[in-house]
Amino acid sequence: MAEASAAWDDEARPDEKTQQVLRDMANRLRIHSIRDVYAAGAGHPSSCYSAAEIMSVLFFHTMRYKQLDPENPNNDRFILSKRLSFVDVPTGSLGQELGIACGMAYAGRYFDKASYRVFCLMGDGETSEGSIWEALAFASHYSLDNLVAIFDVNCWGKSSPTPPKFCPDVCQKRCEAFGWNTFVVDGHDVEALCRVFWQAAQVKNKPTAIVAKTFKGRGIPNVEDTENWHRKPMLKERADAIIKLIESQIQTNEELTPKPPIEDSPDISIANIEMTSRTTYKIGDKVSTRKAYGVALAKLGHVNERVIVLDSDTKNSTFSELFKKEHPERFIECFMAEQNMVSVALGLVTHGRAIAFVSSFAAFLTRAFDQIRMGATSQANVTLIGSHCGVSVGEDGPSQMALEDLAMFRTIPNCTIFYPSDAVSTEHAVYLAANTKGMCYIRTSRPETPVIYTQYECFEIGQAKVVRHSVNDKVTVIGAGVTLHEALAAADDLAKQDISVRVIDLFTIKPLDTATIISNAKATGGRLLTVEDHYQEGGIGEAVCAAVSMEPEIVVQQLVVSGVPQSGKTSELLDVFGINARHIAAAVKCLLMDDTCQFL
């Protein structure tokens, strides 16, 4: 344990007058929280009371920032599970803020090489979330000495006490075991808080944890350290009486001005990124889209020095290792901790200071859905890449087969979903994602598939490609990824039987090219077949059905993966689950005979 009683700089020690002002500021914060919660009809007043002194010392004594310029890149950063102008990322879903703070601290130490520090305030209840401990391990591994985590240990959760053994001593030992410099302090003693925050700034090559023992509802009669006051406003009469009580304890009318930041953060301008050279792939080359992603990413890193890649110990499968080989200083290994990896990425891109690509198996990204949805809430510019999708993974088995990922990302507001089908379209997807505001998802596949586009092909978000067509087409088949190639193979087989079909490559699943789908479906007699390496729920077929729902003459039939998958060869599994060329050809014939035939 770090000694909180160690000597400290006399200039850093607040005099008695400053200490009183800090105590008064804490009480004013309590009054504000009472009024705000009463006005809103809901909130977390008792938690605000326990952290009041911590907030007062942080914002009016410790942190360096410009009050009127909360977006200033030189400001110290502050993370809390609330959405305020000086809180960079909303993390109201508890357990996420420390990972985001890790991303900010990593950027400050290794990319910006700047003096700003990062402070993250958490409640003890949320330490039951595993993502907190993923972040603790990450920060220690990367020696983030510009990061300070504050645990507000008031021993009360939302509906009951926190685990009885989670006391300050236990929290201290756990943090130390994770390699953090740790202080235990009275969270209501402003002088002690000033001291430990100053001491944290002296620590090198270790993050610091401050375990603050506090009381929930501090200073409020019959509320302090009692049950059942979480998220409850008071009646107006009682609120007014308590405000008068707190006001009687305030001894000064003075305010403190925060220290100005050290202005050494580099100026960053991330302009639109253009492909500086055409792809070198040739039609017929067999390349997996997961490898094409890695190649494109490595090229992108030469175009813009703020491109950063994160991976979860899958770099030799996602091929992000190609980026690491050429740009090792901008590659972050997050190990098998997908939740923290996404949070770190969210922290890296705050203030628009980086372009982050996050790579993992698509199946494993489902673990981080909460972090992803909260990232969308803050409109973060993060691109996630999910490889090894669908049963085409083959021998790797069902645990690796992402069959729910499209459904997950389709629910994310304003998320752009790319599903490239060859190496050329994959490279374009990477560059388009780098220039897209908001969250993006690129779905890549394990099997090698032939290149079908020339180096001169242009791609746009929301624009599908009609890759095969004639005036005699009787059915439109829609595919993406491996199923596009199965659809083309089926079209070849059917052509030998004088059955002509049209084939569409969606390229982006969201936004969907509704106009192209409808016009081509109508041109082929209203017969539309979707085929996908994904479950039916939330997949391509359902997206297409929604897009053509106002067109009664269009009949949509779907080929999807149904049931629990199993391990096997790719070709065998595509056949077993009914999404290969043979099944597509049979479905086309069925549609031609009877529009009402069902394949599911």
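See the structure above.
What counts and what doesn't
- Residues numbered from 1 in each chain as written.
- Predicted model: local features only at pLDDT ≥ 70, side-chain atom pairs only at ≥ 80, totals over all residues.
- Heavy atoms only, no water.
- Helix = DSSP H or I, 4+ residues; strand = E, 2+ residues; numbered from the N terminus.
- Expected span 1.5 Å × (residues − 1).
- Buried < 20%, exposed > 50% of the residue type's maximum accessible area, 1.4 Å probe, protein only.
- Contact = heavy atoms within 4.5 Å.
- 1 Å grid on protein atoms, 1.4 Å probe; cavity = no way out; pocket = protein on both sides within 12 Å on 5 of 7 lines; lining within 4 Å.
- Points joined across faces, edges and corners; volume = space filled by probe spheres on them.
- Polar contact = N/O pair within 3.5 Å; in protein donor to acceptor, adjacent residues only side chain to side chain.
- Axes fitted to C-alpha atoms, helices over the stretch in contact; angles between N-to-C directions.
- Parallel < 35°, antiparallel > 145°, perpendicular 65-115°, else oblique.
- Left-handed = near helix turned anticlockwise from the far one by under 90°.
- Nonpolar A, V, L, I, M, F, W, Y, C, P; charged D, E, K, R; others polar.
- Phe/Tyr/Trp six-rings, centres within 6.5 Å; stacked < 30°, edge-to-face > 60°.
- Pairing = 2+ DSSP bridges.
- Core = buried A, V, L, I, M, F, W, Y, C linked by side-chain atoms within 4.5 Å.
- Salt bridge = Lys/Arg side-chain N within 4 Å of Asp/Glu carboxyl O.

### Re helix α21 (residues 581–593)
Move 1: Compared with an ideal rise of 1.5 Å per residue, which puts 13 residues at 18 Å, α21 spans 19 Å between its outermost C-alpha atoms and is within 8% of the ideal.
Move 2: All buried positions along α21 are accounted for by Ala581, Ile584, Ala585, Ala587, Val588, Cys590 and Leu591.
Move 3: Its buried side turned inward, α21 meets β15 (475–479), α17 (482–495), β16 (501–505), β18 (527–535) and β19 (555–561).

### What about the layout of surface pockets?
Move 1: By volume, the second largest pocket amounts to about 360 Å³.
Move 2: For the second largest pocket, the lining is made up of 19 residues, of which Thr62, Arg64, Arg117, Ala201 and Lys259 are closest to its centre.
Move 3: Where the lining of the second largest pocket is concerned, the elements lending two or more residues are α3 (52–62) and α7 (190–202).
Move 4: In terms of residue count, α7 provides more of the lining of the second largest pocket than any other element does, 5 residues in total.

### Concerning the side chain of Glu126
Move 1: Mapped onto the elements, Glu126 comes out in the loop between β2 (118–123) and α5 (130–141).
Move 2: In terms of polar contacts, Glu126 uses its side chain to reach the backbone amide nitrogen of Gly95, at 2.9 Å.
Move 3: Residues contacting Glu126, with those up to four places away along its chain left out, are Leu94, Gly95, Glu97 and Ile132.

### Considering unusual backbone geometry
Note: most peptide bonds trans; most residues except glycine with negative phi.
Move 1: In this structure, the amide linkage connecting Lys510 to the following residue, Pro511, adopts the cis form with an omega of 0°.
Move 2: One non-glycine residue with positive phi stands out, namely Gln379, at about 55°.
Move 3: Considering the arrangement of structural elements, one finds Gln379 in the loop between α14 (369–377) and β10 (382–387).
Move 4: For Gln379, a relative accessible area of 62% translates into the label exposed.
Move 5: Positive phi values are uncommon outside glycine, yet Phe507 reaches one of about 65°.
Move 6: Note on placement: Phe507 falls in strand β17 (residues 507–510).

### Side note on the packing of α17 against α21
Move 1: Where α17 contacts α21, the two axes come as close as 8 Å, and the packing angle between them is 60°. One element, α17, and the other, α21, form an angle in the oblique class. At the point where α17 passes α21, the crossing takes the right-handed sense. Between α17 and α21, the residues in contact are Thr483, Glu486, Ala487, Ala489, Ala490 and Leu494 and Ala581, Ile584, Ala585, Val588 and Lys589, respectively.
Move 2: When the residues that make up the contact of α17 with α21 are grouped by side-chain class, the tally is 8 nonpolar, 1 polar and 2 charged.

### Description of the packing of helix α9 (residues 289–303) against helix α16 (residues 423–434)
Move 1: Across the interface, α9 lies against α16 with an axial gap of 8 Å and an inter-helix angle of 45°. Considering their axes alone, α9 and α16 lie oblique with respect to each other. Considering only the axes of α9 and α16, their crossing is right-handed. Packed against α9, whose contacting residues are Thr289, Ala292, Tyr293, Ala296, Leu297, Lys299, Leu300 and Val303, the element α16 presents Ala423, Thr426, Glu427, Val430, Tyr431 and Ala434 at the interface.

### Examining the packing of aromatic side chains
Move 1: Here the structure, examined in full by the defined rule, presents 14 aromatic pairs.
Move 2: Judged by centre distance (5.6 Å) and plane angle (80°), the ring pair of Phe59 and Tyr65 falls under edge-to-face. Neither residue differs from the other here; Phe59 and Tyr65 are each classed as buried.
Move 3: Ring centres of Phe418 and Phe507 lie 5.7 Å apart, and the angle between their planes is 70°; this geometry places the pair in the edge-to-face category. Separated by 89 residues along the polypeptide, Phe418 in strand β11 (residues 416–419) and Phe507 in strand β17 bring together distant segments of the chain.
Move 4: The rings of Tyr106, Tyr110, Phe111, Phe138 and Tyr142 are connected pair by pair, giving a single aromatic cluster.

### A look at the sheet that holds strand β14 (residues 465–468)
What links the strands of a sheet is backbone hydrogen bonding, and the strands pair in either a parallel or an antiparallel sense.
Move 1: Strand order across the open sheet formed by 5 strands is β14-β16-β15-β18-β19, with mixed pairing between neighbours. Each edge of the sheet is formed by a strand with only one pairing partner; in this case those strands are β14 and β19. Across the sheet, the mean angle from the axis of one strand to that of its neighbour is 25°, orientation sign disregarded.
Move 2: Bridge analysis of β14 against β16 gives 3 bridges, and the strand direction is antiparallel. Considered in β16, the bridge of Lys465 is made with Asp505.

### A word on the nonpolar core
Move 1: With 87 residues, the main nonpolar core has Leu98, Leu147, Leu310, Ile332, Leu384 and Phe409 as its most contacted residues.
Move 2: When neighbours within four sequence positions are excluded, Phe409 is seen to be in contact with Leu365, Ile372, Leu384, Cys415, Ile417, Tyr441 and Lys510.

### Re the pattern of salt bridges
Move 1: Going through the model one piece at a time under the given rule, you end up with 21 salt bridges.
Move 2: Between Asp396 and Arg446 there is a salt bridge, and its shortest N-O distance comes to 3.6 Å. Here Asp396, found in the loop between β10 and α15 (405–410), pairs with Arg446, found in the loop between β12 (440–443) and β13 (448–450); they are 50 residues apart in sequence, far enough to count as distant.
Move 3: By relative accessible area, Asp396 is classed as partly exposed at 30%.
Move 4: Classification of Arg446 as partly exposed rests on a relative accessible area of 27%.
Move 5: With a shortest N-O distance of 2.7 Å, Asp405 and Arg443 are connected by a salt bridge. Of the two residues, Asp405 is situated in helix α15 and Arg443 in strand β12; the sequence distance between them amounts to 38 residues.
Move 6: Asp405 gets classed as buried once you look at its relative accessible area, which sits at 0%.
Move 7: Taking relative accessible area as the criterion, Arg443 reaches 0% and is therefore assigned buried.
Move 8: The network of salt bridges with common partners includes Asp112, Arg306 and Arg353.

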